[in-house]
Amino acid sequence: MKHTLNRRELLRLLSAAGLGAAFSRRAVADEIGTAVTNAPVPESKLVPSSTRPRYPAVLSGGKVIQPERPLAVAAETDVLVVGGGPAGFAAAVAAARAGVRTTLVERYGYFGGQWTGGLVLLVISSHARENGQLVKVLRGVGDELLERLTRIDGAVVNQAPGRHNPTSDPEATKFMMDEMIREAGVKVFLHCWVADVVMEGAALRGVVFESKAGRQAILARVVVDATGDGDVFAAAGAEHEQRLHAIGLVHRLGNTDRADAAQLKEAGIRSLGALEPLPSVKWVNLRGPSTDCLDVAELTRLEMEHRRSIWKRVQQLRKTPGGEKLFLLQTAPQLGVRISRLLAGTHQLTYAEARQGRKFPDTIAVGGAQNAQHIGWPIPYGALVPRKLDNLLAAGRCICVDEKLIEDMRLIASCLTTGHAAGAAAALAVQARCRPREIEIPRLQKLLRDQGAYLG
Amino acid sequence: MNHACDENPSRRRWRQAGRWLALAAALCLAWPLQTGSWTSVILPALSPHIAAGATLAARSAGIIGLLALPVSILILVFPRWFCRHACPVGLLQEQIEKLRRSPAPPWRRAPLLGRWMLLATLGGACLGYPFFLWLDPLALFNGFVNAWRAPLTGAALLAGIGLPLLLLLDLLLPRLWCQRVCPLGALQELLALFRRRLRPASRCETASEAETASAKGWTLARRGFLAAGAGAAGALGLGLGRERDPLPLRPPGSLGEDRFAGVCVRCGNCAQACPSRIVRPMLRGDLAGLLTPTLSFERDYCREDCHQCGRVCPSGAIARSSLQEKLRQVIGPARVDLDVCLLANGRECTACIQRCPFRAIALKTTQDGFATEPAVDLARCVGCGACEAVCPTRPARAIRVTARPGRLPVQPIPSASVPEREPTPNTPSIKS
Ligand SMILES: Cc1cc2nc3c(=O)[nH]c(=O)nc-3n(C[C@H](O)[C@H](O)[C@H](O)COP(=O)(O)OP(=O)(O)OC[C@H]3O[C@@H](n4cnc5c(N)ncnc54)[C@H](O)[C@@H]3O)c2cc1C
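Because the structure is a prediction, the values reported are computed rather than measured.

Participant: Please set out the confidence of the model for chain B residue by residue, giving values where relevant.
Facilitator: All names here are of chain B. For chain B, per-residue confidence averages 82 on the pLDDT scale, and 82% of positions sit at 70 or higher. Every residue in residues 414–432 scores below 50 in pLDDT, and together they form 50 contacts with partners more than four places removed in sequence or on other chains. Scored by ipTM, the complex comes to 0.87, with pTM at 0.86.

Now the structure itself:
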């Protein structure tokens, strides 16, 4: 559509632009993060050069130098949760419900992380087995989400008494996470990528994030690192372990009900994929090579190679007798990164401890077992607390556990419960005006229980 | 244990006191206060019968075999010394007999079953299968005590049923066991015959002994030869028949399946000593293997820091080996059923890989890259069952230890692939 400006419009535009330039930083900062903005936004505006203060990096002496610059503070908050995956979602809801100002920053446009954007739809480790009895260890915020999904037709399966490891629909999950975050009163920043931290001496005071609005800061009393990759604690210089792990890409197949399983089996295809609440759709896991997810070149290569091999494979399936009607519904919006950085916490929870079911005085959650066939294991608060760095707690798949146990702790149910615990603990630290490592454990445990969590 | 000879009462009283003491000692040995104590091996190992049969069958003598030496000397010097002075089973039988209203006459007319069985045992032993070794009274006694030490289950009780059966038999047919059936008694009689060659019969010989002694040596030798030959032939037959599938899983270091059921005396020590409680008396399969120890990895596995079962085995059915040696003894290879395996079906499960103390399971990606499977490295897998115990699929486990081929001896895996031991030496058991 062609649009020509008349003179009046042009004048109006120019004056609006001048106004914008006058308090540009504040205005932009205020617009993000508020759910509804009623500020009059001109349909179009001409931006003359130099209306915004600019601090471009400078090429000087063959080096790229980032000059010192002031940053706009987009928000000041009590608890700041970085990353809106299962862990971050639960942390934000728990903290806000505990009554502190809570802010959540997510680099993509939706919540759920690997669970929704990674299309990893099966919530493993929701239960454990004690004396032959099925015990639900996934309770609290995460369980509430799944329970609410049961009231939507076709949103979740296997979320019922006697069942374990529910599978949810990604769109329903995103929607319900939005609802719960909104109800809890969490201030949200989507499309904001946390790139650095704000330090005052050795103390963490907030984060710096990038967005379409440029680089801005959020100040917080306590930060919960739920980025999965420990982006925040790494930037803050906390001790951590860096691991390589398999990186895959999940895809979904459509029309699976119209495939002939017996015929496909003859061709050596054991299963088409995992169950989904949607009819005739399956999600297909992919392990992929073990590599470094902190290397952008690797991520780029894998994203493209995985997509190509998925494409080829689905074409192959369509040529296989029995699989002609299948089609590729979707590849996951998010690459399937499993493990990268693990915090060095005040307690490293080990595989041996978990198998023994070792009890801790500071238990904040209970881990569930694959297929609910073994005892659950208490998870101590120390696995979330950095050794030295203050004002930060880790949650989800980047907490302090050993190489073997992380294979269990990275599963969605455990991320939901450690996230819940981290959010509640952060809120308590704010309320008690102390460092997270100093909070009274019995108070934390009481708060968690009051919020429906399971501590054994 | 015939008291036909006169014995002055005070001597007899002393002897009785000694026998009660022996019973108490036997109980203490069979039930050491400390669980996992190796001393439970002593009682059954005292029996020259077990020592002879097992040594012949295994074709090697261990240090444990020496335990039978003192008793062997004593029974060589004093006829039926063991029955008269030490046997706990005999003493118990005498007590049981007191329950009878009328003291029935001692059993005299039955054939000398024990002797033929002993000869068959020794003959079979030469070919690796000592048939009736398990009838040893000390093994039966030990098995009975062990049955009560284990958590009470039907199988445990069944494993200890030998002694109660004997006592019942004694109530119905008094002295039949002691005089005609007991192979340890028969061994002593044979030795007595042998001794008589060396010096004249002692005053205290029983009528039955005198009777047999008078039998012509020649006949005896011929019959003995026949019995032993029958035993050997039977052993051969049994050994050949032992190729069937599925073979039971045996404790690490066990003899080949062709000999195991013969050499094992069912004393129950291995099951009792196992800290993971994976050794169970076998109830299925053929009669020959009844109550022999077999392994179940349903709840726990054969720990990498333990070699108890071999240390308490009195007969050498399970080899006595150092921990380092034991870590190389293969119970059997673990195998994966890919149709059941969660990982192979796209699920994020690596339970077996995480658990394996020997790092013997690796991830293998199929050619098209879309399936990942656990692959067992047979050069490293000893079949400890940790993977099976932890495997979360039900009802069938996706990974299972299968028995090694029966007639093969233990195949030691090369020492190069012995694991770096787990960082935690005392690996906790898997609780479910
Ligand atoms: C291929 C694959 C298959 C899996 N299969 C299963 C399964 O079947 N069942 C199961 O239970 N688990 C499975 N998992 C594991 C599980 O999905 C994840 O470990 C779990 O989702 C982790 O939750 P999290 O909240 O800790 O991290 P994530 O889910 O990774 O969420 C992190 C969030 O933080 C955001 N973020 C990251 N960095 C920044 C930043 N710098 N600034 C702002 N936001 C940021 C991300 O966008 C994301 O939303 C699988 C994982 C993979 C990769």
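Next, the rest of the story.
Participant: Go over the site of the ligand with me, naming the residues and quoting the values.
Facilitator: Taken together, 34 residues surround the ligand, and among them Glu106, Arg107, Leu122, Arg410 and Ile412 of chain A come closest. Residues within reach of the ligand are spread across chains A and B. With respect to the ligand, the backbone of leucine 122 of chain A contributes an N or O atom lying 2.6 Å from a nitrogen atom. In this structure, aspartate 231 of chain A approaches the ligand through a side-chain N or O atom, which is 2.9 Å from a nitrogen atom. Notes on the ligand: free accessible area 990 Å², of which the protein chains cover 100%.

Participant: Hey, could you go over helix 12 (residues 441–450) of chain A for me, with residue numbers and the actual values?
Facilitator: Residues and elements named next belong to chain A. Among the residues making up helix 12, those that are buried are Ile441, Leu444, Gln445, Leu447 and Leu448. Taken end-on, helix 12 shows its buried residues confined to a sector of 160°, consistent with a single buried face. Facing away from the buried side of helix 12, by more than 90 degrees, are the exposed residues Pro442, Lys446 and Asp450. Elements that come into contact with the buried residues of helix 12 comprise strand 21 (363–367) and helix 11 (412–431).

Participant: Break down the sheet that holds strand 19 (residues 336–337) of chain A for me, with residues and values.
Facilitator: Residues and elements named next belong to chain A. If you walk across this open sheet you meet the three strands as 17-14-19, and the pairing is antiparallel. Strands with a single pairing partner mark the edges of an open sheet, and in this sheet they are strand 17 (290–291) and strand 19. Here strand 14 (residues 245–248) pairs with strand 19 via two bridges, running antiparallel. When the sheet's bridge partners are listed, isoleucine 247 is paired in strand 19 with valine 337. Those strands touched by helix 8 (residues 296–319) are strand 14, strand 17 and strand 19, and its axis lies near 50° from that of strand 14.

Participant: Go over empty space enclosed by the protein with me, naming the residues and quoting the values.
Facilitator: Residues and elements named next belong to chain B. As enumerated under the stated definition, the model contains 14 cavities of 30 Å³ or more in all. Lining the largest cavity are 15 residues, with Cys341, Cys349, Cys352, Cys391 and Ala398 sitting closest to its centre. The leading source of residues in the lining of the largest cavity is helix 19 (residues 351–355), at three residues. Considering only residue class, the lining of the largest cavity consists of 13 nonpolar, two polar and no charged.

Participant: Mind laying out the interface of chain B and chain A, listing which residues take part and the relevant values?
Facilitator: Each partner contributes residues to the interface: chain B has 33 residues there, and chain A has 29 residues. Of the roughly 2,800 Å² buried at the junction of chain B and chain A (both faces included), carbon and sulfur atoms supply 48%. The three residues of chain B that bury the most area against chain A are Glu348, Gln354 and Phe370 of chain B, which together make up 31% of that side's buried surface. Linking chain B with chain A are five salt bridges, by the criterion used here. Close ionic contact of arginine 338 of chain A with glutamate 348 of chain B constitutes a salt bridge, the shortest N to O distance being 2.8 Å. Counting every contact that joins chain B to chain A gives 13 residue pairs in polar contact (both at pLDDT 80 or more). Its residues placed into classes, the side of chain B that touches chain A shows 14 nonpolar, ten polar and nine charged.

Participant: Kindly report on the pairing of strand 3 (residues 72–82) of chain A, identifying the contributing residues and their values.
Facilitator: Residue and element names in this part refer to chain A. Counting buried residues in strand 3 gives nine out of eleven residues, a clear majority hidden from the surface. Taken together, the nine bridges between strand 3 and strand 12 (residues 214–225) define a ladder with parallel strand orientation. In the sheet register, glutamate 76 faces strand 12, and the bridge partner there is leucine 219. Strand direction decides the pairing type here: strand 3 and strand 4 (residues 102–105), joined by four bridges, are parallel. Each bridged residue has a counterpart across the sheet, and for leucine 80 the counterpart in strand 4 is threonine 103.

Participant: Can you explain the nonpolar core? Please cite residues and give values.
Facilitator: Residues Phe89, Ile218, Ile364, Tyr381 and Leu444 of chain A are the most contacted members of the largest nonpolar core, which totals 104 residues. Top contributing element to this core by residue count: helix 11 of chain A, with 13 residues. Ignoring any residue separated from it by four or fewer positions in sequence, one finds isoleucine 364 of chain A in contact with Ile379, Pro380, Tyr381, Leu384, Ala421, Leu444, Leu448 and Leu455 of chain A. Membership of the second largest hydrophobic core comes to 45 residues, among which are Val265, Cys267, Cys381 and Ala398 of chain B.

What counts, and where the lines are drawn
- Residues numbered from 1 in each chain as written.
- Chains lettered and ligands numbered in written order.
- Predicted model: local features only at pLDDT ≥ 70, side-chain atom pairs only at ≥ 80, totals over all residues.
- Heavy atoms only, no water.
- pLDDT = per-residue confidence, 0-100.
- Contact = heavy atoms within 4.5 Å.
- Near = heavy atom within 4 Å.
- Polar contact = N/O pair within 3.5 Å; in protein donor to acceptor, adjacent residues only side chain to side chain.
- Areas by Shrake-Rupley, 256 points an atom, 1.4 Å probe, with all protein chains shown as cover.
- Buried < 20%, exposed > 50% of the residue type's maximum accessible area, 1.4 Å probe, protein only.
- Helix = DSSP H or I, 4+ residues; strand = E, 2+ residues; numbered from the N terminus.
- Arc of directions from axis to C-beta.
- Pairing = 2+ DSSP bridges.
- Axes fitted to C-alpha atoms, helices over the stretch in contact; angles between N-to-C directions.
- 1 Å grid on protein atoms, 1.4 Å probe; cavity = no way out; pocket = protein on both sides within 12 Å on 5 of 7 lines; lining within 4 Å.
- Points joined across faces, edges and corners; volume = space filled by probe spheres on them.
- Nonpolar A, V, L, I, M, F, W, Y, C, P; charged D, E, K, R; others polar.
- Buried area = accessible area lost by both parts, 1.4 Å probe.
- Salt bridge = Lys/Arg side-chain N within 4 Å of Asp/Glu carboxyl O.
- Core = buried A, V, L, I, M, F, W, Y, C linked by side-chain atoms within 4.5 Å.

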